Amino acid sequence: MKLKLIILPLILFLSFGQTFAQYPQVETKLDKKIKTFLEDNASNWTDMNVPLSDGKIIYDIIIKNGYTNAVEIGTSTGHSAIWIAWALSKTGGKLITIEIDKNRYIQAKANFKKAGVSKYIDVRMADAHELVPQLEGKYDFVFSDADKYWYKNYFIAMEPKLKVGGCFVGHNVGMRANGIRDFLDYIENAENFATTFDKNSRAGMSISYKLSEK
């Protein structure tokens with residue numbers, strides 16, 4: 001009986017510790033505002049948004065590499081974009097995020113304002129099939145979380161715009177969705193990219209770093 005009483009608090013402590021550790025350390029007023037917003041809305045990200053753990057993964061990639069010019073394909077209502085913007089607030093960068101659905105676009109803009117990250121995000125309502133190839137400039141981070149059958153096309157469109165050392169992350173690559181296999185075959189055989197898969201993401205995340213120009 002005593003053993004059970006000891007083990008139960010320990011399990012609860014470890015579970016709490018894992019959840020708590022998923023958020024970055026709060027150092028500024030903006031950190032506190034973002035973290036509070038994410039905590040208060042933790043159960044509301046149901047409309048094709050990434051889970052909290054995956055948001056932290058992309059945050060860490062941006063911070064680790066000091067990325068400043070990011071593109072997100074598929075905003076939904078803004079959960080992943082807030083994580084990206086949070087990281088960019090540390091590196092001095094900005095995000096272009098693209099959403100085709102008007103209602104999700106409006107909700108995302110409202111969420112960005114409430115979270116305090118609007119200044120770090122250029123949110124565009126557009127068809128990513130058309131806009132992504134038209135994007136000008138160079139970028140160092142791309143997060144693809146839109147229509148899975150178009151992932152390969154998004155990658156091909158962004159590859160020449162991605163700086164050497166930059167990163168292309170594909171979300172939900174563990175799904176058996178149409179086009180995912182073609183995308184994975186393509187990136188794994190791209191000689192100027194090194195691709196790994198984050199085992200901590202239940203949805204599956206491919207992480208492809210650009211090693212050189214073609």
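All of the points below concern the structure found in this document. (Residues numbered from 1 in each chain as written. Predicted model: local features only at pLDDT ≥ 70, side-chain atom pairs only at ≥ 80, totals over all residues. Heavy atoms only, no water.)

Attention now goes to the overall build of the protein. Summing up its helical and strand segments, the protein has eight helices and seven strands in all. Each of the 214 residues in the protein was classed as buried or not, and the buried ones make up 48%. In the protein, of all internal contacts separated by at least 6 residues, the share reaching a separation of at least 24 is 73%. Accessible area of the protein: about 11400 Å², with a carbon and sulfur share of 55%. (Helix = DSSP H or I, 4+ residues; strand = E, 2+ residues; numbered from the N terminus. Buried < 20%, exposed > 50% of the residue type's maximum accessible area, 1.4 Å probe, protein only. Contact = heavy atoms within 4.5 Å. Areas by Shrake-Rupley, 256 points an atom, 1.4 Å probe, with all protein chains shown as cover.)

Along an α-helix, residues three or four positions apart point the same way, because every turn accommodates 3.6 residues. Considered for burial, the residues of helix α8 (residues 180–188) that qualify are Ile-180, Phe-183, Leu-184 and Ile-187. For α8, the angular spread of buried residues about the axis comes to 95°, placing them on one side. Lining the buried residues of α8 we find α7 (151–158), β5 (162–171), β6 (193–198) and β7 (205–210). (Arc of directions from axis to C-beta.)

In this fold, Thr-77 is placed in the loop between β1 (69–73) and α4 (79–91). Accessibility expressed as a relative area gives 10% for Thr-77, which makes it buried. A polar side-chain atom of Thr-77 sits 2.8 Å from a polar atom in the side chain of Asn-49. (Polar contact = N/O pair within 3.5 Å; in protein donor to acceptor, adjacent residues only side chain to side chain.)

Spatially, seven strands are ordered β3-β2-β1-β4-β5-β7-β6 in an open sheet, and the strand pairing comes out mixed. Of all strands in the sheet, those with a lone pairing partner are β3 (121–125) and β6, marking the two edges. Strand-to-strand, the axes of this sheet are offset by a mean angle of 15°, without reference to chain direction. Note that β1 and strand β4 (residues 139–144) share four bridges and pair parallel. Among the inter-strand pairings, Ile-73 is bridged to a residue of β4, identified as Ser-144. Where α4 meets the sheet, its contacts fall on β1, β2 (94–99), β3 and β4, and the angle it forms with β1 comes to roughly 175°. (Pairing = 2+ DSSP bridges. Axes fitted to C-alpha atoms, helices over the stretch in contact; angles between N-to-C directions.)

Bringing unusual backbone geometry into the picture now. Backbone geometry at Ser-76 places phi at a positive 55°, although glycine is not the residue there. Residues other than glycine seldom take positive phi values, yet Asn-172 does so here, at roughly 65°. By the secondary structure assignment, Asn-172 is in the loop between β5 and α8.

Okay, helix α5 (residues 102–115) next. The first and last C-alpha atoms of α5 sit 20 Å apart over 14 residues, in line with the 20 Å expected at 1.5 Å per residue. Along α5, the residues classified as buried are Arg-104, Tyr-105, Ala-108, Asn-111, Phe-112 and Ala-115. Here the buried residues of α5 occupy an arc of 125° about the axis, which is enough to place them on one side. Every exposed residue of α5 that faces more than 90 degrees away from the buried side is listed here: Lys-102, Asn-103, Lys-113 and Lys-114. Where α5 is buried, its residues touch α2 (29–40), α4, β2 and β3. Between the side-chain oxygen of the N-cap and the backbone nitrogen of Asn-103 there are 3.2 Å, and the N-cap of α5 in question is Asp-101. Taken from the residues just after α5, Gly-116 is the one with a positive phi, measuring 85°. (Expected span 1.5 Å × (residues − 1).)

Another point: the packing of aromatic side chains. As enumerated under the stated definition, the model contains 12 aromatic pairs in all. Ring centres 6.0 Å apart and planes at 80° place the aromatic pair Tyr-59 and Trp-83 in the edge-to-face group. Here Tyr-59, found in helix α3 (residues 52–65), pairs with Trp-83, found in helix α4; they are 24 residues apart in sequence, far enough to count as distant. The pair Tyr-59 / Trp-83 is uniform in exposure class, with both members buried. Put simply, the rings of Tyr-151, Phe-155, Phe-168, Phe-183, Tyr-186 and Phe-193 touch in pairs and so form one group of aromatic residues. (Phe/Tyr/Trp six-rings, centres within 6.5 Å; stacked < 30°, edge-to-face > 60°.)

What follows is about the nonpolar core. In globular proteins that are soluble, nonpolar side chains generally tend to be buried together. Of all hydrophobic cores here, the largest spans 37 residues; its most connected members are Leu-38, Ile-82, Ile-84, Val-117, Phe-141 and Val-169. Breaking this core down by element, the ones donating at least two residues are α2, α3, α4, α5, β3, β4, β5 and β7. In terms of residue count, the dominant contributor to this core is α4 (eight residues). Discounting chain neighbours no more than four positions away, the residues touching Val-117 are Ile-34, Ile-82, Ala-85 and Phe-112. (Core = buried A, V, L, I, M, F, W, Y, C linked by side-chain atoms within 4.5 Å.)

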